[in-house]
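# Chain and residue survey
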Amino acid sequence: MCVIVAKKKSFLLILNHIFKDNKQIILLMSEEKKTKRRDFIFTASYALGAVGVASAVWPLIDQMNPDASVKALASTEVDISGIDKGQSITVLWRGKPVFIKRRTQEEIQKARQVDLKELPDPEKDEDRAKNPEWLVMLGMCTHLGCVPLGNKGEYDGWFCPCHGSHYDTSGRIRKGPAPTNLEVPKYEFINKSTIKIG
Ligand code: FES
């Protein structure tokens, strides 16, 4: 009889122990669930916050983009159909003079025969003129920004009278204080008679 009672007691103790452990497991599981829920709430709040900040900042960023009139000023289209061989015109682009020269065969040959080793700022004529007949470049001396004169100077290109810089028929510096060639801006031929600068 005593043995049966003892066995029953220890069985009850084991059961109690098992249920106690289960309780702890259930408590742990519910803690984990709470943490996950809390993490989800934080993540959702951050995401909503980021969307809120982005939508508040977007109008400020958007207003910094140039409007259509500014974009139009950034480029200019020039009709070149009336320019004869050997002639050049000067147009304004972004407030700067741009020379558009239609070169003769002789001028092209002169520009292409030059040994690059002779040049202070070596650059092939082929890399400066997309179409050999047309030269497009900023009309500003690279020394201090004076406007050079066309068909002048020792190289039959441009001459800057301010301090005596000589440019050749490709607009490359050959002599004088200017450190670099006349700058070629971004341009493209829209069709045979129109150039878009910028
Ligand atoms: S600005 Fe042209 S040489 Fe000085």
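Below is a short write-up of the structure.

## Regarding the sheet that holds strand β6 (residues 157-160)
- Here we have 4 strands laid out as an open sheet, ordered β5-β6-β7-β8, and antiparallel in their pairing. Both outer strands of the open sheet, β5 (149-152) and β8 (173-175), are each paired with one neighbouring strand and no more. Neighbouring strand axes in the sheet, compared pairwise and without regard to direction, differ in orientation by 40 degrees on average.
- Two elements, β6 and strand β7 (residues 165-167), share 3 bridges in a ladder whose sense is antiparallel. Considered in β7, the bridge of Trp-158 is made with Tyr-167.

## Re the sheet that holds strand β1 (residues 76-79)
- Taking strand neighbours across the sheet as the criterion, the 3 strands line up as β1-β10-β9 in an open arrangement whose pairing is antiparallel. Since the sheet does not close on itself, it has two edges, and those belong to β1 and β9 (187-191), each with one partner. Taken over all neighbouring pairs, the strand axes of this sheet differ in orientation by 30 degrees on average, direction set aside.
- Across 4 bridges, the pairing between β9 and strand β10 (residues 194-197) is antiparallel. From the neighbouring strand, Tyr-187 faces β10, where its bridge partner is Ile-197.

Scoring rules and cut-offs
- Residues numbered from 1 in each chain as written.
- Predicted model: local features only at pLDDT ≥ 70, side-chain atom pairs only at ≥ 80, totals over all residues.
- Heavy atoms only, no water.
- Pairing = 2+ DSSP bridges.
- Helix = DSSP H or I, 4+ residues; strand = E, 2+ residues; numbered from the N terminus.
- Axes fitted to C-alpha atoms, helices over the stretch in contact; angles between N-to-C directions.

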